[in-house]
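# Observations on chain architecture
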Amino acid sequence: MTASLALALLLLLAPAALAAQAAEASLGVIPRPRALMTRPGAFTLGPRTVVWTDAASAAKGRQLARALEPATGYALAVRTGGAPPATDVIELRRDPALAASLGPEGYRLSVRPGRVVARAAGEAGLFYAAQTMRQLLPPAVFRDAPVPGVAWTMPAVEIEDAPRFAWRGAHLDVARHFMPKAFVKRYIDLLALHKLNVFHWHLTDDQGWRLAIRKYPRLTEVGAWRAATLVGKPHTDTTNNTYDGTRHGGFYTQDDAREIVAYAAARHVAVVPEIEMPGHARAAIAAYPELGVTGEAIPVWTNWGVTPHILNADERTVAFMQDVLTEVLAIFPSRFVHVGGDEAAKDLWKTSPRVQARIRELGLKDEHELQSWFIRRMDAFLTQRGRRLVGWDEILEGGLAPGATVMSWRGTQGGIAAARAGHDVVMAPGRWTYFDQYQSTDQTREPPAFGGFLPVDTVYAFEPVPRELDAAQARRVLGAQWQLWTEYVPTTRHAEYMVFPRAAALAEVVWTPAARKDLAGFRARLARHLARLDALDVGYRRDTMP
Ligand code: TNX
């Protein structure tokens, strides 16, 4: 091709490409689909629109109709089987053939005047097609009561879509500050809206144990409550700390947790529970002092940071934690179960003659190997029960348990090492995914946060697959997730402020093919997306520029 011909083609195509980009920005679908083509015309949703499904998809049809009802006021008819109406119809169809190209979560969506068709190999794909449909409608569709005067139209489009990663996660720490069940459900709703599928529920820590365990009632009777909460940041000299003097706590009953699991499952979100061990377990030691190294009675912690207290490594403690996991497995069907493993201070292990004797008796080299031994016991226990262990990257120290999946938080090195050793990895590096960091360089403009600076653009720039990995190792990266640690997040409103809109950026990181990521386009789409969050009354951080 001659240079002048190429230039002529470019001049011809550029306006079309720009127009397509503008059209896509105005739709504002987040995360950006794998492929999207706008067409002339629109589908108009009306009171007589029928949601038609094939036999396998009735539940997803009812779910879609229910989602559209509050804002539109239309109680749409849902029909299953037979011939679909010729017009004014939204069709949901299973198409097993799509599994090959789009996987179990992908979908195709065709919006034309009079007819919307969603096809997917599985239920999850139809669910994600429904999320896209909701986003194609005016943002007011996210309101909870009929909005008068809105034309409920979806611009005509053809979309083909599928996630880049299988693990698209969001973490929530309910140990440092208890978050009520209703908020946990809202959080899950918001994950689903962003096509995320893993809710990592950080249920236990030094400052609180939040899940009732029948065999050990003191875990919540004692462990769910602390006498006070630190005001501001911790001081190295703890005598300089100030406390609010207010008892804080709360916990979920097993029925509460089951309700959350069912709620999440209906939205294609798996709940991965985290029970921290052997560090970050001070609330458990407060409830049952014999779990500790010294046996002394200690209160549930009121400070932040890393406590010296750690579980002992007795057989009785292993049995105790496995009893806890037995109840956890009965509540949470998730394949993955998180056992923490981070920031376990080893000083008490080093100075305890009993623990040192135990290290020798087990033929181990040091305290790191003892932690590894402890985690291996949990790994074997979970593996025997058809589950898989996940732990923070410290579980690499002293040798990785055979079945373990590593959550890489202290950067990407832990993830790289684990992938090279043939283990699965979830990327959660602090620099890009810790939503407890400031959203401005001017900290005086912000509510108190852990530290650091993590604006939306930096989250967007995150690439979960480290360059250091070859293709086979890269396949070990299951995906990524954000973390919301709540030392400085006392309220649900504040949690929303920390998570949104950074969540929208992370959603695109884990869903959209890397080649389709585009920061300027994302920002344009985000403007539309924020109107949805407004309709949902999400307390997001408004000024997205630092
Ligand atoms: C480290 S990240 C922790 C958490 C804290 C967080 C504060 C991780 C595995 N452990 O216990 O909340 O830093 O950012």
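Report follows, based on the coordinates. Because the structure is a prediction, the values reported are computed rather than measured. (Residues numbered from 1 in each chain as written. Predicted model: local features only at pLDDT ≥ 70, side-chain atom pairs only at ≥ 80, totals over all residues. Heavy atoms only, no water.)

## Brief notes about the sheet that holds strand β1 (residues 35–44)
Pairing is mixed across the open sheet formed by 7 strands, whose spatial order is β1-β7-β5-β6-β4-β2-β3. On the outer flanks of this sheet lie β1 and β3 (77–80), each paired with one strand and no other. Across the sheet, the axes of successive neighbouring strands diverge by a mean angle of 20°, strand direction being ignored. Looking at chain direction, strand β5 (residues 107–112) and strand β7 (residues 153–161) are connected through 5 bridges and run antiparallel. Pairing of Ser110 across the sheet is with Glu158, part of β7. (Pairing = 2+ DSSP bridges. Helix = DSSP H or I, 4+ residues; strand = E, 2+ residues; numbered from the N terminus. Axes fitted to C-alpha atoms, helices over the stretch in contact; angles between N-to-C directions.)

## Describing helix α11 (residues 353–361)
A turn of α-helix holds 3.6 residues, and therefore any two residues three or four places apart point the same way. Buried residues of α11: Val355, Gln356, Arg358 and Ile359, and no others. Buried residues in α11, looked at end-on, bunch into an arc of 155°, giving them a common side. Residues of α11 that are exposed and point more than 90 degrees away from the buried face comprise Pro353, Arg360 and Glu361. Considering only its buried residues, α11 is in contact with α9 (315–331), α10 (347–351) and α12 (367–384). Backbone geometry just after α11 places Gly363 at a positive phi near 70°. (Buried < 20%, exposed > 50% of the residue type's maximum accessible area, 1.4 Å probe, protein only. Arc of directions from axis to C-beta. Contact = heavy atoms within 4.5 Å.)

## Re the pairing of strand β4 (residues 89–94)
The pairing of strand β2 (residues 50–53) with β4 spans 4 bridges and is classified as parallel. Among the inter-strand pairings, Val51 is bridged to a residue of β4, identified as Ile90. As defined by bridge partners, β4 adjoins strand β6 (residues 115–120) across 6 bridges and the pair is classed as parallel. Each residue of the ladder has a partner; that of Arg93, found in β6, is Arg119.

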